[in-house]
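Listed below are the residues making up each chain.
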Amino acid sequence: MMMRQTGVFASSANLTVMCNAAFKAARGLIRDFGEVENLQVSRKGPGDFVSSADKKAEQVIYKELKKARSNNGFLMEESEEEKSDSGFRFIIDPLDGTTNFLHGIPHFAISIALEKNGEVIAGVIFDPIKDEMFIAEKGFGAYCNDRRIRVSGRKDITQTLLATGIPFAMHSKKEMETFQRSINVMMPKVAGIRRFGAASLDLAYVAAGRYDAYWESALQPWDVAAGLLIVKEAGGYVTDLQGGDKVLEKGTILASNSKLHGGLLKELKPLYAKE
Ligand code: IPD
Ligand code: CA
Ligand code: CA
């Protein structure tokens, strides 16, 4: 393993390139996050400013990655997909947790995954405010900065802390009702449920053993591509909410330690059967 800036270990050329792109974009995001506070009180609010910060970050990441891996394809939240027949594709969310960012809440991240022939083989999630870089490469474990991370060992559901995402205005009535049913089922069983507002960090926190599990639906590939590998490499289980491996296609996810996954899936699967 080779040493990277801020104590991050990057085990491969791919991870080094991906971490560098995230670090570079983060510098702009941090500057812009400082500005958001000032705009909060303005009449227009920070909306347009944030959407341009988001796009700027995406361009910085794109340029860095393109320079190093010009043949790869790109799937990015803010741009048209760039296809490639190389078999390699980057999946990028330049700012995950936009609503937090917009409201001056310091919980957001940059998420970059690398796919080879449809399988995620490397992932990085960088939280620039807490200076936490979560990385994984297939077969080499998961790390937060220079520390190896593992999912939690908890098996007693009554002691678990779960994370989820709450649907909002742009979601369908059906998605909202399904979510409400899932909360009704999980709430009485667990020690707590959190909605922190950045899917990538929800997954990173499962990988680090902070949350015991995380579920959500109506997601996009860039929300979860890096995180799903990081959880798996931390020893966790990740499936869609039907128990299959079509997380990126279906946009539903259940990630947890191996002891809890079966029991949680049994509760959630019937609720999301028609999603
Ligand atoms: C959102 C966040 C949020 C999740 C939403 C996503 P964005 O991504 O990950 O936690 O609940 O479904 O769209 O818009 O902040 O990149
Ligand atoms: Ca996102
Ligand atoms: Ca985003």
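This one's a predicted model, so the numbers in the text were calculated from it and none came from an experiment.

*Asks:* Just give me the short version of the nonpolar core, but keep the residues and values in it.
*Replies:* Among the nonpolar cores identified, the biggest contains 39 residues, and Ile-125, Phe-134, Ile-149, Tyr-214, Ile-230, Val-231 and Ile-253 are the most heavily contacted of them. Going through the elements one at a time, β5 (109–116), β6 (119–127), β7 (132–137), β8 (142–144), α5 (199–207), α6 (221–233), α7 (247–250) and β14 (253–256) are the ones with two or more residues in this core. Per-domain counts for this core show at least three residues from each of domain 1 (7–148) and domain 2 (157–268). The residues touching Val-231, leaving out its near neighbours within four places in the chain, are Val-151, Leu-203, Val-206, Ala-207, Gly-236, Tyr-237, Val-238 and Ala-255. Core analysis: the second largest hydrophobic core is formed by 35 residues, Ala-22, Val-36, Ile-112 and Tyr-143 among them.

*Asks:* Let's hear about the site of ligand 1: which residues, and what values?
*Replies:* Neighbouring ligand 1 are 13 residues, the closest being Asp-96, Gly-97, Thr-98, Ala-199 and Glu-216. The separation between an oxygen atom of ligand 1 and a polar side-chain atom of Arg-195 is 2.9 Å. Note that an oxygen atom of ligand 1 is positioned 2.5 Å from one of the side-chain N or O atoms of Glu-216. Considered on its own, ligand 1 offers 380 Å² of accessible surface; in the complex 86% of this is hidden by protein. With three residues, strand β4 (residues 88–96) is the largest single contributor of residues to the shell around ligand 1. For the shell around ligand 1, the per-class residue count stands at four nonpolar, three polar and six charged. Each of two domains, domain 1 (7–148) and domain 2 (157–268), supplies a minimum of three residues to the shell around ligand 1.

*Asks:* Mind laying out the confidence of the model for the protein, listing which residues take part and the relevant values?
*Replies:* For the protein, per-residue confidence averages 94 on the pLDDT scale, and residues scoring 70 or more make up 96% of the total. The secondary-structure element of the protein with the lowest mean pLDDT is strand β1 (residues 2–3), recorded at 40, while α5 shows the highest, at 99. For the stretch residues 1–8, pLDDT sits under 50, and the model shows 29 contacts to residues farther than four places along the chain or on other chains.

*Asks:* For the coordination of the calcium ion (ligand 3), give the residues involved together with the corresponding values.
*Replies:* Taken together, Glu-77 (OE), Asp-93 (OD) and Leu-95 (O) make up the full set of protein donors to the calcium ion (ligand 3), lying 2.1 to 2.4 Å away. A separation of 3.8 Å is found between the calcium ion (ligand 3) and the calcium ion (ligand 2), which share Asp-93 as a coordinating residue. Taken together, the positions of Glu-77 in the loop between β3 (73–76) and β4 and Asp-93 in strand β4 put the pair 16 residues apart, joining distant regions of the chain. Glu-77 sits in the partly exposed class, given a relative accessible area of 32%.

*Asks:* An account of the sheet that holds strand β13 (residues 237–239) is needed here, citing residue identities and associated values.
*Replies:* Strand pairing in a sheet relies on backbone hydrogen bonds. The paired strands run either parallel or antiparallel. Ordered in space as β11-β10-β12-β14-β13, the five strands form an open sheet in which the pairing is mixed. The open sheet has two free edges, formed respectively by β11 (192–194) and β13, since each of these has just one partner strand. With strand direction ignored, the average angle separating the axes of adjacent strands in the sheet is 15°. Here β13 runs beside β14; their pairing, made up of three bridges, is antiparallel. Looking at the pairing, Thr-239 lines up with Leu-254 of β14.

*Asks:* Residue-level account of the coordination of the calcium ion (ligand 2), with values.
*Replies:* The coordination sphere of the calcium ion (ligand 2) contains the protein donors Asp-93 (OD), Asp-96 (OD) and Asp-223 (OD), at a distance range of 2.1 to 2.3 Å. The class for Asp-96 is buried, based on a relative accessible area of 6%.

*Asks:* Which residues make up α5, and what are the values?
*Replies:* Across the nine residues that make up α5, a large majority, nine, are buried. Considered for burial, the residues of α5 that qualify are Ala-199, Ser-200, Leu-201, Asp-202, Leu-203, Ala-204, Tyr-205, Val-206 and Ala-207. Backbone geometry just downstream of α5 places Gly-209 in the positive-phi region, at approximately 80°.

*Asks:* Tell me about unusual backbone geometry, and name the residues and values.
*Replies:* Phi angles above zero are rare outside glycine, and Asn-145 is one such case at about 50°. Inspection of the secondary structure assignment puts Asn-145 in the loop between β8 and β9 (147–149). You can call Asn-145 buried: its relative accessible area is 17%. Of note in this structure, Ala-218 is not a glycine but carries a positive phi near 60°.

*Asks:* Can you tell me about the pairing of β6, naming the residues and giving the values?
*Replies:* Along a regular strand, successive side chains alternate from one face of the sheet to the other. Most of β6 is tucked away, with eight of its nine residues classed as buried. Relative to β6, β5 runs antiparallel, the two being bridged by seven bridges. Looking at the pairing, Ile-110 lines up with Phe-126 of β6. The antiparallel pairing of β5 with β6 creates a hairpin that spans two residues between the two strands, and Asn-117 there sits at a positive phi of about 45°. In sequence, β6 turns back onto β7 through a hairpin of four residues, with Asp-131 there showing a positive phi of about 55°.

*Asks:* An account of the state of the cysteines is needed here, citing residue identities and associated values.
*Replies:* Within the structure shown, the criterion is met by zero disulfides. No disulfide involves Cys-19; its sulfur sits 11 Å from that of Cys-144, the nearest cysteine. Its relative accessible area of 0% is what places Cys-19 among the buried residues. You can call Cys-144 buried: its relative accessible area is 3%.

Rules used in this analysis
- Residues numbered from 1 in each chain as written.
- Chains lettered and ligands numbered in written order.
- Predicted model: local features only at pLDDT ≥ 70, side-chain atom pairs only at ≥ 80, totals over all residues.
- Heavy atoms only, no water.
- Core = buried A, V, L, I, M, F, W, Y, C linked by side-chain atoms within 4.5 Å.
- Buried < 20%, exposed > 50% of the residue type's maximum accessible area, 1.4 Å probe, protein only.
- Helix = DSSP H or I, 4+ residues; strand = E, 2+ residues; numbered from the N terminus.
- Domains from an automatic or database assignment.
- Contact = heavy atoms within 4.5 Å.
- Near = heavy atom within 4 Å.
- Polar contact = N/O pair within 3.5 Å; in protein donor to acceptor, adjacent residues only side chain to side chain.
- Areas by Shrake-Rupley, 256 points an atom, 1.4 Å probe, with all protein chains shown as cover.
- Nonpolar A, V, L, I, M, F, W, Y, C, P; charged D, E, K, R; others polar.
- pLDDT = per-residue confidence, 0-100.
- Donors = N, O, S within 2.8 Å, 3.2 Å for Na, K, Ca; no water.
- Pairing = 2+ DSSP bridges.
- Axes fitted to C-alpha atoms, helices over the stretch in contact; angles between N-to-C directions.
- Disulfide = S-S within 2.5 Å.

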